[in-house]
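Each chain is listed here by its residues.
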Amino acid sequence: MTYAITQTCCSDATCIAVCPVNCIHPTPQEREFGSTEMLYIDPKTCIDCGACADACPVDAIFPVDSLPTAQQEYAAINADYFVDCEPEPVGAGPNFHAWGEPGFERGVPSDFAPIRVAIVGTGPAGMYAAEDLLLHTNAQVTLVDRLPVAGGLIRYGVAPDHPATKKVGDTFARFHAHPRVRMVLGVEVGKDITTRELAAHHDAVIYAVGASTDRRLGVGGEDLRGSIAATTFVAWYNAHPEVAADAVDLSGERVVVVGNGNVAVDVARILATDPGKLAGTDIADHALAALRASKVREVVLLGRRGPEDAAYTASELRALKHLPGVGLVVDDHDPRTGATIDSASPKEKAGLLRDVARRTVDWSREPDPGRRIVLRFHSSTVEVLGTGTVRAARVTGVAGDLEIPAGMLLRAVGYRGVPVTGLPFDETTATVPHEGGRVTGRPGTYVVGWIKRGPSGGIGANRTCAAETVGTLLADAVAGSLPAPARTPTAFRRLVRSRTRRLIDARGLAAIDRAELARGRDQGRTRAKLGTVPELVAAAKGSRWGLPG
């Protein structure tokens, strides 16, 4: 029996580190690492030890004979990766694969003095940086977040029907109560405190603020009521406190989603899924109620390029094909689409659509009975139509522009970083200029994650990104180039207390967690999130108040 890696793979390489026979690839030392959609286990060399499954932070690894029905194809997917990819012979010995020479990319002196590092943002990028510092140095870490609860993208970006992916949050949560960590939640840098004030109390500051807004389409009617960013929709169903419960109207029968990346697939799947399947998840209470009353029967995904260039991963497409009670259709309006699908190999994303129904959709008619998702390739949005509210989307087609009637349009064409007051910002890339994570012209200031590299790469990509930034920071510390903090930790605690009344510490965060889990148990759900700042703060105050000393 061998193991297989499945859909929810985060590619953070934790499994590679524990494998005793080097059977998981590509490794961080291999050229393909970071360019493949997931990692793969070689069935010829797997020794069935299960170490990778135990270490996986997102429950993506299973014995082949225990794969869930919808994921049984991953046994072949893992094996296929190694076809024509035989390892080099290693001669006599217990190893099946050659191991490279050990490498030590960092060197920290034994007398390295403790440094104080603030990390702004508690999503994956920030927490991978915190993990690196806490496990490999004696640094004291201050975790700062503008929201009164930690988690970032894990809490507010991962779809509720992907609970395994959310489990990586448990890995990060173990550091919230670490003895060298101080949590300062509900404090916005650039508003409640300045970047200079934060820097004055720490040796270094790492900004892991992500890309919190969306890219625009740049077409007429984009600001009509009912035309919203997919980022807003995702935040809405994940109970983000900055998105109102009534921000989404599901009274129309058709929704047009512009884009065909993983976020577009996520929102389409949530809109089309039977709400009963979501009832046990941590979806927002108001979103579950709205989806139960929803009139949406058809979701159209618009991709301006062909199926061979779709931005979604093959894993997400496979999941869409297995969605119970939901039909999947390819709009056959452009002959290039069918030709590409028919000529693609089964390993290509376009080839995965070969068994999906194809038809030329008559958009003048109401959606067919039941629920379905329509993939329309080679089609761009020209204009959003309506008087006051969205009525239709005008899109391109082979025979000219046409209208697709819709009650809502979701823009899922990418995330975009926003400036942090006090830091340099590149408007073209929507990132903070840096060298290896070191902010240009700002000694002691660093970036990690999407604000560093742009909105690309999933959760696991942040581990490598964080390792680079932390490596740069430590090199600066060893070289003595970090500016010494002018103020003490006690002074910082006094400062943040004086600037906000909604300050939450580790004890408060633990109280929020207990309250949400208790609400979930009462409702028969994994967790019932608190969806407003007052609710979160009130739950936090159920525990001892104030920052730990």
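Notes on the structure follow.

### Notes on the sheet that holds strand β15 (residues 371–376)
Reasoning step 1: If you trace the 7 strands from one edge of the open sheet to the other, you get β10-β19-β11-β12-β15-β13-β14, paired in parallel fashion. Every interior strand has two partners, whereas the edge strands, β10 (227–229) and β14 (357–359), have only one. Adjacent strand axes in the sheet meet at a mean angle of 25 degrees when their direction is disregarded.
Reasoning step 2: In this structure, strand β11 (residues 254–258) lies alongside strand β12 (residues 298–302), joined through 5 bridges in parallel fashion. When the bridges of β12 are listed, V258 appears paired with L302.

### Re the environment of A118
Reasoning step 1: Along the polypeptide, A118 turns up in strand β5 (residues 116–120).
Reasoning step 2: The spatial distance from the C-alpha of A118 to the C-alpha of P324 is 45 Å, given a sequence separation of 206 residues.
Reasoning step 3: If near-sequence neighbours (up to four positions away) are discounted, A118 is found in contact with T142, L198, H202, A204, V205 and I206.

### Here's the deal with helix α17 (residues 489–499)
Reasoning step 1: Of the residues making up α17, those classed as buried are A491, F492, R493, L495 and V496.
Reasoning step 2: On the buried face of α17, the contacting elements are β6 (140–145), β7 (181–185) and α8 (195–200).

### Here's the deal with the packing of aromatic side chains
Reasoning step 1: Applying the stated rule across the entire model yields 6 aromatic pairs.
Reasoning step 2: An angle of 5 degrees between the planes, with centres 4.4 Å apart, marks the rings of Y40 and Y81 as stacked. Here Y40, found in strand β3 (residues 40–41), pairs with Y81, found in helix α3 (residues 74–81); they are 41 residues apart in sequence, far enough to count as distant.
Reasoning step 3: Considering the side-chain rings of F233 and Y237, the 5.4 Å spacing of their centres and the 90 degrees angle between planes classify their relative orientation as edge-to-face. With F233 and Y237 both in helix α9 (residues 230–237) and 4 residues apart, this pair spans about one turn of that helix. Of the two residues examined, F233 and Y237, each falls in the buried class.
Reasoning step 4: Following the ring pairs from residue to residue traces out a cluster consisting of Y40, Y81 and F82.

### Overview of helix α19 (residues 533–540)
Reasoning step 1: Restricting attention to buried positions, one finds in α19 the residues V533, L536, V537, A539 and A540. Buried residues of α19, seen end-on, are gathered within an arc of 160 degrees and therefore sit on one face of the element. Opposite the packed face of α19, turned more than 90 degrees from it, sit the exposed residues P534 and A538.
Reasoning step 2: Of the residues flanking the start of α19, the one acting as N-cap is T532, its side-chain oxygen 3.2 Å from the backbone nitrogen of E535.

### Some thoughts on the packing of helix α18 (residues 506–523) against α19
Reasoning step 1: Relative orientation of the contacting elements α18 and α19 amounts to 105 degrees, with a least axis distance of 7 Å. Viewed along their axes, α18 and α19 adopt a mutual orientation that is roughly perpendicular. Note on element contacts: α19 touches α18 through L536, A539 and A540, opposite G508, A511, I512, A515 and E516.
Reasoning step 2: Within the contact of α18 with α19, the residues separate by chemical class into 6 nonpolar, 1 polar and 1 charged.

### Comments concerning the sheet that holds strand β17 (residues 392–395)
Reasoning step 1: Taken in spatial order, the 3 strands line up as β16-β17-β18 in an open sheet, and their pairing is antiparallel. Both edges of this open sheet fall to β16 (381–385) and β18 (402–405), since each of them pairs with a single strand only. Strand after strand, the sheet turns through a mean of 25 degrees between neighbouring axes, direction not considered.
Reasoning step 2: Sheet topology note: the β16/β17 ladder contains 4 bridges and is antiparallel. Residue pairing for β17: T381 is matched across the bridge by V395.

### Description of the packing of helix α4 (residues 124–136) against helix α16 (residues 461–478)
Reasoning step 1: Interaxial distance between α4 and α16 falls to 8 Å at its minimum, and their mutual angle equals 50 degrees. When the axes of α4 and α16 are compared, the pair comes out oblique. Once α4 is placed against α16, the crossing between them reads as right-handed. Of the residues in α16, those touching α4 at P124, A125, Y128, A129, E131, D132 and L133 are N462, R463, A466, A467, V470 and L474.
Reasoning step 2: Of the residues contributing to the contact of α4 with α16, the split by class is 9 nonpolar, 1 polar and 3 charged.

Cut-offs applied
Residues numbered from 1 in each chain as written. Predicted model: local features only at pLDDT ≥ 70, side-chain atom pairs only at ≥ 80, totals over all residues. Heavy atoms only, no water. Pairing = 2+ DSSP bridges. Helix = DSSP H or I, 4+ residues; strand = E, 2+ residues; numbered from the N terminus. Axes fitted to C-alpha atoms, helices over the stretch in contact; angles between N-to-C directions. Contact = heavy atoms within 4.5 Å. Buried < 20%, exposed > 50% of the residue type's maximum accessible area, 1.4 Å probe, protein only. Phe/Tyr/Trp six-rings, centres within 6.5 Å; stacked < 30°, edge-to-face > 60°. Arc of directions from axis to C-beta. Polar contact = N/O pair within 3.5 Å; in protein donor to acceptor, adjacent residues only side chain to side chain. Parallel < 35°, antiparallel > 145°, perpendicular 65-115°, else oblique. Nonpolar A, V, L, I, M, F, W, Y, C, P; charged D, E, K, R; others polar. Left-handed = near helix turned anticlockwise from the far one by under 90°.

Purely geometric numbers; function is a separate question.
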